[in-house]
Amino acid sequence: MKRHLIILIVLAVLSLLGAPFLGESLILMTDPDGLDGLVFWEVRVPRVLLAFLCGAGLALGGLVFQAMFRNSLATPYTLGVASGSTFSVALWINFGLSFSVLGISGVSLAALVGALISVLLVYNLARFAGGLATVSLLLGGVILSFFFSSLTMLVQYFADAGSMFKMMRWTMGSLGQADMDAVLRVLPFVASGILLIVLYRRELDLLSIGDELAMSRGVEVKKVRRMLFFAVSLMMAGVVSVCGPIGFVGIMVPHFCRMLFGVMHRELVWMTFLLGGIFLVWCDTLARSVTIGSDLPVGIITSLIGGPFFLIILLRRARV
Amino acid sequence: MCPRLSGLRTAKKGEPMSDHSILLDCRGVCVDVRGKPLLSDVSFSLRQGEHKVIIGPNGAGKTTLLRAILGSQPMARGSIMLGGRELSSLRQAEVAKLISYVPQLLAAEIPYSVREFVAMGRYAYNGDPRDAAVESALVAVGLASFADRVVATLSGGERQRVCIAAALAQQAPILLLDEPLVHLDPSQRMEVQRALRELSEEVTVVVVTHDLDWAKMDFPSLVSLKAGSVDFDGTTDHFYGGSGVSRLFGEAVGAKYSSL
């Protein structure tokens with residue numbers, strides 16, 4: 001297990017160091033003080049850092065939801081938390097509001113409120129409809145997702161052309177807005193979410209075997225659940241407010257990690273964090289490289305890979 | 001609604017402390033869910049080393065009582081003393097050190113290895129899978145050689161023993177089991193019954209079951225519940241000797257057990 005962790009750390013460092021050189025054009029840094037240097041430091045380095053942070057946050061969010069809901073298809077994206085957050089931000093953009101509280105931008109706070117509301121909604125919807133570990137949870141998530149997506153479209157419909165284009169691009173999930181400022185906006189959200197999850201990593205194992213059993217082993221189930229919901233909402237808010245909803249990272253990465261590294265969350269938390277970061281860095285590098293002059297929203301790439309993947313897990317589960 | 005227990009708590013105050021052999025003391029436990037009483041005025045106690053069975057027809061409140069004892073079901077009135085302390089004043093980890101729980105049948109899809117799963121019983125102690133308590137719990141249920149198997153690949157009887165091992169690893173003086181034989185085939189039932197019988201004398205065991213034969217065979221004391229109230233609390237011999245069974249399950253079942 002230690003060996004796997006070291007390999008992943010090395011891969012993460014190599015990705016972070018290597019990816020900024022790659023893209024639509026290869027930067028060889030022959031002219032570090034000229035245009036090469038500018039593009040490298042001002043555009044590509046922040047973008048790679050942002051991709052890593054977002055990937056790590058999205059993957060960990062998926063891991064936590066899968067353990068808490070005891071369902072390998074549960075992620076903030078499939079359960080409608082991302083779309084709740086997205087709607088909230090779309091509303092924010094449309095009203096053209098801008099203020100900040102204690103240095104935290106209003107758009108991030110809007111995303112957080114949207115994420116928290118949808119977490120509460122989907123949790124209670126599923127509990128009301130007949131249990132967390134059942135299909136009613138996913139159904140509730142899908143319904144919530146559609147509901148919030150429709151609301152987002154409604155906001156877009158009434159928006160003026162300029163902000164509509166902005167919203168369209170943004171709801172596809174893109175890292176195009178990346179600069180150091182964006183990285184610093186996402187960092188506190190993702191970092192505090194990760195910190196909370198690391199604190200509760202042992203409880204994730206116990207929650208994944210059932211609430212009643214976890215409680216009888218000594219876990220303060222309600223409190224832990226609340227903290228973990230909050231942690232995931234924080235991470236989603238950070239990611240969504242800057243990049244829009246990027247799908248399927250939260251389903252694929254934890255799944256691969258469980259396949260490769262086992263099921264104990266004490267270790268999985270670190271593996272998922274690293275692999276999530278690495279995965280999105282390379283998806284985004286691909287997104288930057290395939291088109292000339294503009295970049296493809298990375299959400300399109302993760303969805304193109306993730307959609308079929310989701311289907312495969314679904315079919316395999318249906319057969320069992 | 002539940003009858004008021006005026007003065008009962010003050011009158012009994014301190015009493016459980018005086019008798020150190022009483023590990024669990026339920027006094028006038030009432031549970032209402034959406035205005036409907038599920039348990040009314042349930043009282044019974046449990047002494048160190050006692051093996052007690054709780055029986056009753058479906059809907060009598062057996063599971064509700066278990067959940068109240070575990071602290072997952074809020075009570076409307078009454079008190080539950082665990083090791084001389086009020087249950088509601090204990091943190092969940094403190095409860096876990098006093099009472100451990102084996103659910104009906106473990107969900108089939110547990111991906112953890114037997115050792116990892118049993119080690120989760122050490123949560124309240126911050127223990128890890130290499131803990132000595134994990135090893136001795138596995139030995140106690142005869143699963144030492146299964147430590148690295150994945151729980152999901154085991155048979156129902158083996159899974160139930162894994163669950164008992166996890167509860168034993170908790171090293172709590174009281175072991176609580178909810179219908180541990182349900183869904184098991186006859187040989188798996190015997191395997192679990194044997195594992196429970198071979199537990200050390202120090203472990204105090206409470207089992208909820210529908211199995212009247214097993215209750216008669218393995219448990220010296222018995223509590224029966226009927227419509228949310230205690231119908232009988234005493235020795236098993238006395239219960240089967242009298243009209244206990246027919247009061248709960250009707251004359252036909254009663255006749256079968258009185259002729260045995």
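Residues numbered from 1 in each chain as written. Chains lettered and ligands numbered in written order. Predicted model: local features only at pLDDT ≥ 70, side-chain atom pairs only at ≥ 80, totals over all residues.

**Student:** I'd like to hear about the overall build of chain B, residue by residue, with values.
**Tutor:** The helix and strand tally for chain B stands at 12 helices and 10 strands. The burial tally for chain B puts 45% of its 260 residues in the buried class. In chain B, once contacts between residues fewer than 6 apart in sequence are set aside, the share between residues at least 24 apart is 66%. (Helix = DSSP H or I, 4+ residues; strand = E, 2+ residues; numbered from the N terminus. Buried ≥ 20, exposed ≤ 12 C-beta atoms within 10 Å, placed from the backbone. Contact = placed C-beta atoms within 7 Å.)

**Student:** If you had to explain the overall build of chain A to someone new, which residues and values would you point to?
**Tutor:** Check the secondary structure of chain A and you find 13 helices and two strands. Projecting the C-alpha coordinates of chain A onto the three principal axes gives extents of approximately 65 × 55 × 45 Å. Once local pairs closer than 6 in sequence are excluded, the contacts in chain A between residues at least 24 apart make up 78%.

**Student:** Tell me about the sheet that holds strand β10 (residues 229–235) of chain B, and name the residues and values.
**Tutor:** All names here are of chain B. Taken in spatial order, the six strands make up an open sheet running β6-β7-β8-β3-β9-β10, and their pairing is mixed. A single partner strand is all that each edge strand has here, and the edge strands are β6 (99–102) and β10. In this sheet, adjacent strand axes meet at a mean angle of 15 degrees when their direction is disregarded. Of the strands in this sheet, β3 (51–55), β6, β7 (174–178), β8 (204–208) and β9 (221–226) touch helix α3 (residues 62–70), which is tilted by about 145 degrees from β7. (Pairing = 2+ DSSP bridges. Axes fitted to C-alpha atoms, helices over the stretch in contact; angles between N-to-C directions.)

**Student:** Just give me the short version of the domain arrangement of chain B, but keep the residues and values in it.
**Tutor:** All names here are of chain B. Its domain assignment divides chain B into domain 1 (16–90 + 222–254) and domain 2 (92–219). Of note, the centres of domain 1 and domain 2, computed from C-alpha atoms alone, are 22 Å apart. Each side of the interface is counted separately: domain 1 has 25 residues, and domain 2 has 23 residues. A breakdown of the residues in the side of domain 1 that touches domain 2 according to their chemical character gives 15 nonpolar, seven polar and three charged. (Domains from an automatic or database assignment. Nonpolar A, V, L, I, M, F, W, Y, C, P; charged D, E, K, R; others polar.)

**Student:** If you had to explain the interface of chain B and chain A to someone new, which residues and values would you point to?
**Tutor:** Counting residues at the interface gives 18 residues for chain B, matched by 15 residues for chain A. In terms of residue count, the dominant contributor to the side of chain B that touches chain A is helix α4 (residues 92–98) of chain B (three residues). Each residue belonging to the side of chain B that touches chain A can be placed in one class, and the counts come to 12 nonpolar, five polar and one charged.

**Student:** Account for the pairing of β10(B), with residues named and values stated.
**Tutor:** Residue and element names in this part refer to chain B. Judged from the six bridges that link them, β9 and β10 form a sheet pairing that is antiparallel. Within the sheet, the bridge partner assigned to Leu-222 lies in β10 and is Gly-234. The turn linking β9 back onto β10 is made up of two residues, and Ala-227 within it adopts a positive phi angle of 45 degrees.

**Student:** Tell me about the sheet that holds strand β4 (residues 77–82) of chain B, residues and numbers included.
**Tutor:** Residue and element names in this part refer to chain B. Here four strands make up an open sheet; going across it, the order is β2-β1-β4-β5 and the pairing antiparallel. Of all strands in the sheet, those bounded by a partner on one side alone are β2 (36–47) and β5 (85–86). As paired strands, strand β1 (residues 22–33) and β4 are joined by five bridges and run antiparallel to one another. For Cys-26, the partnering residue across the bridge sits in β4 and is Ile-80. Contacting β1, β2 and β4, α3 crosses the sheet at an angle of about 65 degrees to β2.

**Student:** Kindly report on the nonpolar core, identifying the contributing residues and their values.
**Tutor:** Within the largest apolar cluster, 174 residues are counted, with the highest numbers of intra-cluster contacts made by A:Val64, B:Val118 and B:Ala165. With 17 residues, helix α2 (residues 35–69) of chain A is the single largest residue contributor to this core. Two domains each donate at least three residues to this core, and these are domain 1 (16–90 + 222–254) and domain 2 (92–219) of chain B. Excluding residues within four positions of it along the chain, B:Ala165 makes contact with B:Val118, B:Ala137, B:Leu138, B:Ala140, B:Val141 and B:Leu143. (Core = buried A, V, L, I, M, F, W, Y, C linked by C-beta atoms within 7 Å.)

**Student:** Outline helix α7 (residues 156–169) of chain B, supporting the account with residue identities and numerical values.
**Tutor:** Residue and element names in this part refer to chain B. Between its first and last C-alpha atoms α7 spans 20 Å; for 14 residues at 1.5 Å apiece the expected length is 20 Å, and the two agree. Regarding α7, the residues found buried are Glu-158, Arg-159, Gln-160, Arg-161, Val-162, Cys-163, Ile-164, Ala-165, Ala-166, Ala-167, Leu-168 and Ala-169. In this structure, the buried side of α7 is in contact with β6, α5 (114–119), α6 (132–140), β7 and α8 (186–197). Following α7 by one or two positions, Gln-171 adopts a phi angle in the positive range, close to 50 degrees. (Expected span 1.5 Å × (residues − 1).)

**Student:** Requested: an account of the confidence of the model for chain B, with residues and values cited.
**Tutor:** Residue and element names in this part refer to chain B. For chain B, per-residue confidence averages 84 on the pLDDT scale, and residues scoring 70 or more make up 90% of the total. Low pLDDT, under 50, characterises residues 1–18; the stretch is placed with 22 contacts to residues that sit more than four places away or in other chains. Overall fold confidence (pTM) sits at 0.86, and the ipTM for the predicted complex is 0.82. (pLDDT = per-residue confidence, 0-100.)

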